[in-house]
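Analysis of the macromolecular model
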Amino acid sequence: MERDIKKIISEMTLEEKAGMCSGEDFWHLKKVERLGIPAVMVSDGPHGLRKQTGEADHLGMGESIKAVCFPAACATASSFDTELMYEMGKTLGEECQAEDLSILLGPAVNIKRSPLCGRNFEYLSEDPYLAGKMASSYIKGVQSWDVGTSMKHYAANNQEYNRMSCSSNLSERAFREIYLPAFETAVKEAQPKTVMCSYNKINGEYASENKYLLTDILRDEWGFEGYVMTDWGAVADRVKGIVAGLDLEMPGSGGFNDAKIVATVKDGSLDEALLDNAVERILKVVFSYVDNRHPEAVFDRDADHEKAVKFETECAVLLENNGVLPLKTGAKVVYIGEYAEKPRYQGGGSSHINSSKVSSALETAKSKGRAVSYVKGFPFDKDEENEEELAAALQAAKDSDAAVIFAGLPDVIESEGYDRKDMKLPDCQNKLIEAVANVQPNIIVVLHNGSPIETPWADKAAAILEMYLGGQGVGEATDKLLYGEVNPSGHLAETFPLRLEDNPSYLNFPGDGINVDYAEGIYVGYRYYDARKMPVRWAFGHGLSYTEYKYSNLKLPTEILDDNNCVKVTVDVKNIGQMAGKEVVQLYVSDKNGTAGRPVKELKGFSKVELQPGETKTVEFTLTARDLSFYHEGLGDWYAPSGTYVVLIGHASDEIALTGEISFKTDKQLPFFVNGATTIGELLAHPVTAPVVGQMMQNMQEAMGSMQGEEAEGVADALGTGAEMMEAMMKGMPLKSLASFAGAEVAAQIDQMIQSLNQALGNK
Ligand code: BGC
């Protein structure tokens, strides 16, 4: 049905239009009955429906309907599986249609800057490429049911401490390369119906009134077509927000801010056309939902629970395994730790789901008749040692063939609203793991956490299985993986450092409450650990399997990549083990041109492939100029110098199997203005100025060569005798200093040269 939205707007009063730009209540937009505009509902998100029909809140405290809790983003990102993201999104989209929800508030795509961020469990990755691709697929899935998404929290919202006011201070380059691309990719590939702006400031300006963010970048550069809503309560100056491109205020201010909009339009300080634009963007999305309802949609909680189990089996990451896994059916096993009975499977806050049912590993094992005994060992909700429980755990471990310890972070440690203080598991758990390891070599640690933890006992564990916050089907999924019904195939979407202090944001997290400086710049996650050649516990992309894969036949393009074309890279991957499995093939690129300040390598492709034993598949990747580029602040654009780039293919960021080189040629010219501060080295590095300055240098050398006796010695003394030192000094010499050494005549020539070089460069 085609709606004439402009006509509807022309029939709205000023008050109705202002009213349309804020919520009626916590979860509804406003209706205008006489014009056929209904009050549509939005709901959290992202990994299940938190539809509140009674008391409303945005902290996950009040009741919501029974729904299915899927694995949180920390887990789903580890699947490295875009199809899984699509399927999960699609399932959620159907649930929304069945529950009459027009927008699902997700995905949350903020970058994991520090392992301490309380909301890391809801976020995808430390890597913007992975986060962007996974978010796109999720959005496409949800929106395939004509339900909108709200990609959040835009932008640079990477901590919970003072999240509502703190200013994230960062360079344009870090913003563009690390913190924006996940949003950018998803906007360009999947057009989320809405984007949710964050609470925080960016370099001193609130996201909700930041025109650069909400209009210049989001709409003008990336082509976003939907509407921008606030995070709940994120409005600062409402009128400035309208001008900046903020459309909808949630949950609304009871009409207070609407009145300001009305007043400023009336007194002429706010252009009514800007208000009309906002209303038009909101109504387009409202009607795209209203006019595309799906009466056939059902919310089948049982069927979706089974999907939650299946998804989680694809997400869990096998971190270590000396061969103890998969467990043999019939082996005498003890499960230790209360998470075996009461798994931690979701985080706290606005994403909290009232789960339709929750499966535990223990009840699953019992229902399958496995030879499993159970000792509580430690509680699921606090750090409390218990000597009797410890003794029972040790005895049971001794009496068994293997001990599976279900460890994790209690709910209170990890939630929206605050950050973690450290990266540790509760002491009672660490102690128990160490003690059990001393009496039973076959210990398997199963982890339930939303963000990396320190694992001082890692070398003593025979196997470690990271389930993350795996959703309500986590227990069944754990069972399937432990006993080899499913082969683990997750890979880490984040680095596990050995200790918190190794993390690049350590000295600047979470800031002083007013400002947080992203001083590490682009060196986030593996970009930092790689550059520092720093040992980590588990690297980005790491993940084991019950089978093995072998890479061969890397085929690189013979043609040169340029600013406009794209090239293909293919590689063969073979399952050389005995069990079917899924491998995540990862492609990284590396700049070989000596460009300053570039990461050692960056992820630019990944693909998950299913392989039967002995089977080989060819995986294809496409590379474009953007994949090789960094954000050049001077140019105000993406840039890669012409030259050579290495393509690295591997199983993890620290397990590269094959490498090869490709060539790139760009037509982009970097801006270059010559003045007194320009150094000889800079001039020699630029193709336009190099010949002129090279000639000048040669003339000077010849002049020095013709010097005799004391005069020549004097110059040599002044400049140093080593050729390398001489060269280094000359390259670092600004033109103004050269002029002051060389006397009036040369100074005048240099002045003249500056003018002609700028002319040659096309500078005005
Ligand atoms: C969160 C959002 C959430 C909103 C509504 C806020 O506190 O930051 O992610 O969508 O509440 O519950």
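The preceding data block contains the structure.
My aim in this report is to walk through the structure given alongside it, one point at a time. The residue numbers shown here count from 1 along each chain, following its written sequence. Only residues with pLDDT of at least 70 are given local features in this predicted model, and only at 80 or more are side-chain atom pairs given and counted; all residues enter the totals for whole chains, interfaces and linings. Side-chain metrics rest on all non-hydrogen atoms present in the structure, leaving aside hydrogens and water.

Only DSSP runs of H or I reaching four residues or more are called helices, and only runs of E reaching two or more are called strands; each is numbered from the N terminus. Within the protein chain, the secondary structure is distributed over 24 helices and 27 strands. Radius of gyration here is computed from C-alpha atoms only, and the compact-globule reference equals 2.2 Å multiplied by the residue count raised to the power 0.38. The globule rule puts the C-alpha radius of gyration for 764 residues at 27 Å, and the 30 Å found for the protein chain is close to it. If one aligns the C-alpha atoms of the protein chain with their principal axes, the spans along those axes are about 95 × 75 × 50 Å. Relative accessibility thresholds used throughout: buried, under 20% of the residue-type maximum; exposed, over 50%; partly exposed, between the two (1.4 Å probe, protein chains only). A total of 764 residues make up the protein chain; the buried ones form 59% of that total. Two residues form a contact once any of their heavy atoms are found within 4.5 Å. Within the protein chain, contacts between residues at least 6 apart in sequence are counted, and of these 77% link residues at least 24 apart. Approximately 29400 Å² of the protein chain is accessible, and the part contributed by carbon and sulfur atoms is 50%. When the 74 positive and 113 negative side-chain charges of the protein chain are each reduced to one mean point, those points stand 3 Å apart. The protein chains shown are the only cover counted for residues, whose accessible areas, like all others here, come from Shrake-Rupley with a 1.4 Å probe. The convention is simple: Lys and Arg are positive, Asp and Glu are negative, and His and the chain ends are not counted. One atom stands in for each charge, and that atom is NZ of Lys, CZ of Arg, CG of Asp or CD of Glu.

Turning our attention to the nonpolar core. Counting 186 residues, the largest nonpolar core has Tyr-154, Leu-283, Tyr-335, Ile-444 and Leu-482 as the members making the most contacts within it. Top contributing element to this core by residue count: helix α11 (residues 272-290), with 9 residues. Setting aside residues no more than four positions away along its own chain, Ile-444 makes contact with Val-324, Leu-325, Leu-327, Ala-402, Ala-403, Val-404, Ile-405, Ala-463 and Leu-482. What we call a nonpolar core is a set of buried Ala, Val, Leu, Ile, Met, Phe, Trp, Tyr and Cys residues that are connected through their side-chain atoms within 4.5 Å. Judged by nonpolar contacts, the second largest core, of 23 residues, contains Val-589, Val-619, Leu-623 and Ile-662.

The next thing to look at is the packing of aromatic side chains. Between two aromatic rings, the relevant description is the distance of the centres plus the angle of the planes. A pair of Phe, Tyr and Trp rings is counted when the ring centres sit within 6.5 Å of each other, with Trp represented by its six-membered ring. The angle between the planes then sorts it: under 30 degrees is stacked, over 60 is edge-to-face, the rest tilted. All chains considered together, the criterion is met by 18 aromatic pairs. Residues Tyr-528 and Tyr-529 carry aromatic rings whose centres are separated by 5.7 Å and whose planes lie at 75° to one another, so their mutual orientation is edge-to-face. The structure contains a cluster of three or more aromatic residues connected by ring pairs, namely Phe-80, Tyr-129, Tyr-526, Phe-540, Tyr-588 and Phe-606. When the ring centre of Phe-299 is taken as reference, the NZ or CZ atom of Arg-301 above it lies at 3.8 Å. The criterion is that NZ of a Lys, or CZ of an Arg, lies within 6 Å of the ring centre and within 35 degrees of the ring normal, and then a charge sits over that ring. Over the ring of Trp-638 we find Arg-626; its NZ or CZ atom is 3.6 Å from the centre of that ring.

Let us look at the packing of helix α12 (residues 301-315) against helix α16 (residues 474-482). In the contact formed by α12 and α16, the axes pass within 8 Å of each other and the chain directions differ by 45°. Taken together, α12 and α16 sit at an angle that is classed as oblique. Classified by chirality, the crossing of α16 by α12 is right-handed. Residues His-305, Glu-306, Val-309, Glu-312 and Thr-313 of α12 pack against Val-474, Glu-476, Ala-477, Lys-480 and Leu-481 of α16. Axis angles are defined between N-to-C directions and span 0 to 180 degrees, where every axis is a line fitted to C-alpha atoms and, for a helix, only to the segment in contact. With respect to orientation, any angle under 35 degrees is reported as roughly parallel, any angle over 145 as roughly antiparallel, any angle of 65 to 115 as roughly perpendicular, and every other angle as oblique. Handedness of a helix crossing follows the sense of rotation of the near helix relative to the far helix, less than a right angle counterclockwise being left-handed and clockwise being right-handed.

Here the focus is the site of the ligand. Nearness is defined per residue: one heavy atom within 4 Å of the molecule or strand is enough. Among the 15 residues in the neighbourhood of the ligand, the closest are listed as Asp-44, Arg-119, His-153, Asp-231 and Glu-416. Measuring from an oxygen atom of the ligand, one finds a side-chain N or O atom of Arg-119 at 2.7 Å. A distance of 2.6 Å is found between an oxygen atom of the ligand and a side-chain nitrogen or oxygen belonging to Asp-231. Here the ligand loses 100% of its free accessible area of 310 Å² to cover by the protein chains. For this scheme, ten residues count as nonpolar: Ala, Val, Leu, Ile, Met, Phe, Trp, Tyr, Cys and Pro. Four count as charged, namely Asp, Glu, Lys and Arg, and the remainder, Gly too, count as polar. Counted by class, the shell around the ligand contains 5 nonpolar, 3 polar and 7 charged residues. We define a polar contact as two N or O atoms separated by no more than 3.5 Å, with the added condition that, inside protein, one atom must be a possible hydrogen donor and the other a possible acceptor, whereas residues neighbouring each other in sequence contribute only through side-chain atom pairs.

Once that is clear, we can look at the side chain of Arg-420. Mapped onto the elements of the fold, Arg-420 is located in the loop between β14 (402-408) and α15 (427-439). A polar contact is formed between the side chain of Arg-420 and the backbone oxygen of Pro-115, at a distance of 2.7 Å. Excluding residues that lie within four positions of it along the chain, Arg-420 makes contacts with Pro-115, Leu-116, Gly-118, Leu-409, Ile-413, Ser-451, Pro-452 and Ile-453.

Time to look at the sheet that holds strand β17 (residues 515-517). Ordered by their spatial adjacency, 4 strands build an open sheet running β8-β7-β5-β17, and the pairing between neighbours is mixed. Pairing within the sheet leaves two strands with one partner each, and these edge strands are β8 (205-206) and β17. In the sheet, strand β5 (residues 167-169) pairs with strand β7 (residues 201-202) via 2 bridges, with the strands oriented parallel. The residue of β7 that forms the bridge with Ser-168 is Ile-202. Whether two strands pair comes down to DSSP finding at least two bridges between them.

Before going further, it helps to spend a moment on helix α6 (residues 172-179). For α6, the tally of buried residues reaches 7 of 8 residues, placing the bulk of the element in the interior. What α6 keeps buried is the set Arg-173, Ala-174, Phe-175, Arg-176, Glu-177, Ile-178 and Tyr-179.

Once that is clear, we can look at the environment of Asp-57. Here Asp-57 lies in the loop between β1 (42-44) and β2 (66-67). As a C-alpha pair, Asp-57 and Pro-251 span 194 residues in sequence and 10.0 Å in three-dimensional space. Each residue touching Asp-57, except ones within four places of it in the same chain, is listed here: Phe-26, Trp-27, Arg-50, Gln-52 and Gly-62.

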